[in-house]
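Close look at the chain arrangement
So the chains spell out like this:
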Amino acid sequence: MDKIAVLIPCYNEAKTIEKVVLDWKHELPQAVVYVYDNNSTDDTAARAKEAGAVVRREYGQGKGNVIRRMFREVDAQCYLMVDGDDTYSAQHAREMADKVLCRQADMVVGDRLSSTYYTENKRPFHNMGNTLVRRMINTLFQSDIRDIMTGCRGFSYNFVKTFPVLSRGFEIETEMTIHAVDKNMRIEHVVVNYRDRPDGSVSKLNTFSDGLQVLKTIAKLFRNYKPDLFFSILAVGMECLAFGLFMPILIKFWRIQSVPNFPTLIVAGFIGLVGIISFFTGLILSSIAEKDRRDFELRLVETDARFREKMEKTEKI
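The rules behind each value
- Per chain, the residues get numbers from 1 upward, laid out in the order the sequence is written.
- Where local features are concerned, this predicted model is filtered to residues with pLDDT of at least 70; where side-chain atom pairs are given and counted, the filter is 80 or more; whole-chain, interface and lining totals use all residues.
- Computation of side-chain values covers all heavy atoms of the structure but excludes hydrogens and water.
- Cysteine sulfur pairs qualify as disulfides if the two atoms are within 2.5 Å.
- The cut-offs for exposure are 20% and 50% of the maximum accessible area for each residue type, with area from a 1.4 Å probe on protein chains only; residues under the lower value are buried, those over the upper are exposed, and the others partly exposed.
- Here a salt bridge means any side-chain nitrogen of Lys or Arg lying within 4 Å of a carboxyl oxygen belonging to Asp or Glu.
- Strands here mean DSSP runs of E at least two residues long; helices mean DSSP runs of H or I at least four residues long; both are numbered from the N terminus.
- A pair of aromatic rings is counted whenever rings of Phe, Tyr or Trp (Trp by its six-membered ring) have centres within 6.5 Å, and the orientation is called stacked for planes under 30 degrees apart, edge-to-face for over 60 and tilted otherwise.

1. Looking at the state of the cysteines
A full pass over the atoms with the stated rule returns zero disulfides. Unpaired in terms of disulfides, C78 finds its nearest cysteine sulfur in C102, a separation of 9.5 Å. For C102, a relative accessible area of 60% corresponds to the exposed category.

Laid out in structure tokens, this is it:
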């Protein structure tokens, strides 16, 4: 088992990967740097290997697929994940590792938004998207995460081995954050310096399609993790719509003592019934979600026991 593993998912980062590997090895000489190449068509893998990284491959395209592979294959006391595009400074590596190793943090968020991101980033829609996603998640999940979409993070062994990676693409950062918040895992922040990509390095993130996928992921996880609130909001919306359709009919009934719009009355009744069903659906799913949280705590205990066993074997070796 490694003490510190630096995980770098890569796709066509030949221009920057060598510098990234050398910078993180310089800051953390005891760490093992893993570069996972995701079907690059340039010299990313070769340059990473020349710089001293352990190079492995993931053939399923997408950042989520790469992270799933990394989390399965690498065992370490502390994991640091960083993008291979040289946008994150390595000078904060030791502080992030100490948060995991010494302060028992399960996830350390490399906070770009509190430092240089808004001045360095040249894509204004990305700035707006980061702010929107952060506010949505902090509002819906009652959290205080400073940077949701950052690609620079630290993790504990327990987080990595209990996190179910479901996303395939760039929405993986959103999924990680919401999982940590929902499961009451210890989250810490480290303000990190961000710099824009060097000339010739191209971002793989599509502002609109990937942004839409992130919003869909937030809605899906909100439904799964907070079903009582999700379906209560839906129920209130349905009941308000039903009430809006029913009131004109009721007023006319008081005036003329007859119901002139039976189709509208029937539709209002069905919408009201959907609202009631939605409310009780939320109550049922909320009980299931609560049971899942209890089961997760038991899995954490089991994972922690395996971690201690591996640590003992490592110390004996």
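Read on for the rest.
2. Here's the deal with the pattern of salt bridges
Under the criterion given, the structure shown has 22 salt bridges. In this structure, R56 and E73 form a salt bridge, with 3.5 Å as the shortest nitrogen-oxygen distance. A residue pair is termed long-range when its members are at least 10 positions apart, and R56 in strand β3 (residues 54-57) and E73 in helix α3 (residues 63-73) qualify at 17 residues. For R56, a relative accessible area of 29% gives the class partly exposed. According to the relative accessible area criterion, E73 is partly exposed, its value standing at 37%. The closest approach of N and O atoms between R195 and D86, which form a salt bridge, is 2.7 Å. With R195 in the loop between β7 (187-191) and α9 (207-225) and D86 in the loop between β4 (76-81) and α4 (93-101), this pair connects stretches of sequence that are 109 residues apart. The buried category is assigned to D86, whose relative accessible area is 9%.

3. With respect to the packing of aromatic side chains
How two aromatic rings sit relative to each other is given by the distance of their centres and the angle of their planes. Counted by the stated rule, this structure contains twelve aromatic pairs. Ring centres of F279 and F280 lie 5.3 Å apart, and the angle between their planes is 80 degrees; on these two criteria the pair is classed as edge-to-face. Exposure remark for F279: the relative accessible area of 38% places this residue in the partly exposed category. A relative accessible area of 48% means that F280 is categorised as partly exposed.

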